[in-house]
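Examination of the molecular architecture
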Amino acid sequence: KRIKIVNQLSRRITNSLFSLECFVYQGCFGGEKMTDHTSKKLTWKNYLVVASLLFGLFFGAGNLIFPLHLGQLAGANWETAAVGFLITGVLLPLLSVLAVAITHAAGVYDIGKPLGAGFAVVFMVLIHATIGPLFGTPRTATVSFTVGIAPFMPKNMQSSALLVFSALFFLAAFAFSYHQNNILSNVGKVLNPLFLALLFLVFLVAFARPLGNPQTAAVTAAYKHGALVNGFLEGYNTMDALAGLAFGVTVVTAVRGMGQKDAKSVSKVVAKSGVLAVLAIGFIYLLLILMGAMSLGRFAVSDNGGVAFNQIVNVYGGVFGQALLAFLLTVTCLTTAVGLVAAFAQDFHKHFPKVSYHVWLALSCLASFLAANFGLDQIISWSTPMLMFLYPLSMVLILLSVCSPLFNKAGVVYFFVILFTVVPALGDMVVAFPSVVSQSSFGLAVASLRSHLPLASMGLSWLVPALVGLAIGLVVYHVRNKKTVPVLEKD
């Protein structure tokens, strides 16, 4: 009874003080205090600004070459493959940004923090290393080179040319990131739309004068019966879900700067703007996939989407059109590279402050330069295993974060889901490695054990265990809650 009386008095005192505060501010400042926590109503122009930001963050080098290559691989089954690709390439990145908004995260670290500081740091390092100096950032240089420079160079000089080009590319990225100035981003505001306009011109010509009939195009063996799942897995290569976790805080900060105070309003704006952005990206993906399928009427399946893009542009635009698009693609890729190396340096300096931002920046650019010189095919082949491991973890963390209000962000739910996901994901990673690892005695032993898991043949051996982990985690969470509630009531 005494506790109840104290609680009632506390509430009355708090309410009285709040009323007095409101009265004072209304009299002195015309009621401005009353609106401090009220979110400003946004116009459609504001939503388009946020959508444009999201589009700019997500659409990079991989977003151009991978859907095009998917269209060549899927052939006549391009529609089914496109559905799978859109799930991981469009829907999942949107959910990753929503996860940041809903959990009030300040970056990748906060997304993994329910599992403890140690896991959060490791997860952050792996995400930034993957989208940064190991695979994502080097790819911006190699795609630019493959599309823009390689077609004009003899094959015996391409290795040396890549060395020089990538050195200049990352020196430029370092220079623009050093003072964190906005010169390149301002240039990007002009050249990115120009690049997209020229890309749509290519679409217009390609569909007016198709190279072949996509409905009769040849289908590669993997896509004859597994087009949906393989399209889903191909979407991993865009790395957009990982980028959404890293850049989500940028979007959320921008939305809050527009006058959105509470988390619900921020999530609502991100969701609406995100739908606009992903619809635009999804539309471009569909056109690229279809164009890739049509290209089989003249070309064989290419080694990668960069080569396919080259061939198609050369048919319709000749050398001049190819050179112009290559220049614009190089600038857009450089803009992306600047964002990636700066984000890497900022986040690592934040968590490892003994090393300065500029040192982290230099290390990121140097590592990206070294990785870029392995070539686009090697980068893709070695990034696939890492993505087979990281994407399942990222997907379950994204979905848990989005749904976290339903279980009060309880660490026990996160723990069991990740525990049951990480082991099969490691198996998928080993099997996806190039033959030097996957065909070794260790790789074959892992493949043998992994084959007993459901959906292993599809590359989704983690899915059923993750659902089992979720069920166990929710049961443990509810059991713990039932035990603690009576104690609280008794007190």
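Our subject is the structure that appears above.
A word on helix 11 (residues 227-234)
Most of helix 11 sits out of view: six of its eight residues are buried. Listed in full, the buried residues belonging to helix 11 are Ala227, Val229, Gly231, Phe232, Leu233 and Glu234.

A look at the packing of aromatic side chains
Working definition: an aromatic ring pair is given by the centre-to-centre distance plus the angle between the planes. Taken as a whole and judged by the stated rule, the model has 19 aromatic pairs. Their ring planes at 10 degrees and their centres at 5.9 Å tell us that Phe119 and Phe123 sit as a pair that is stacked. With Phe119 and Phe123 both in helix 6 (residues 117-134), this residue pair falls four residues apart, about one helical turn. Phe123 sits in the buried class, given a relative accessible area of 2%. For the ring pair Tyr236 and Tyr391, a centre distance of 4.4 Å and an interplane angle of 10 degrees mean the geometry is stacked. Residue Tyr236 is found in the loop between helix 11 and helix 12 (240-257), and its partner Tyr391 is found in helix 16 (residues 376-403); the two are separated by 155 residues along the sequence. According to the relative accessible area criterion, Tyr236 is buried, its value standing at 2%. Grouped by ring-pair contacts, the aromatic residues Phe145, Phe165, Phe169 and Phe170 constitute a single cluster.

Points about the side chain of Ser394
Assignment of secondary structure puts Ser394 in helix 16. Not counting chain neighbours up to four residues away, the residues in contact with Ser394 comprise Phe123, Ile127, Leu242 and Leu245.

What counts, and where the lines are drawn
The residue numbers shown here count from 1 along each chain, following its written sequence. Confidence filtering applies because this is a predicted model: local features only for residues at pLDDT of at least 70, side-chain atom pairs given and counted only at 80 or more, and all residues used for totals across whole chains, interfaces and linings. Side-chain metrics rest on all non-hydrogen atoms present in the structure, leaving aside hydrogens and water. Only protein chains enter the accessibility calculation, which uses a 1.4 Å probe; a residue whose area is less than 20% of its type maximum is buried, one above 50% is exposed, and one in between is partly exposed. Numbering of helices and strands runs from the N terminus, with a helix taken as a DSSP run of H or I at least four residues long and a strand as a DSSP run of E at least two residues long. Pairing of aromatic rings covers Phe, Tyr and Trp, the last through its six-membered ring, and needs centres within 6.5 Å; plane angles under 30 degrees mean stacked, over 60 mean edge-to-face, and all others mean tilted. For this analysis, residues touch if any pair of their heavy atoms sits within 4.5 Å.

Keep in mind that these numbers describe shape and distance, not what the molecule does.
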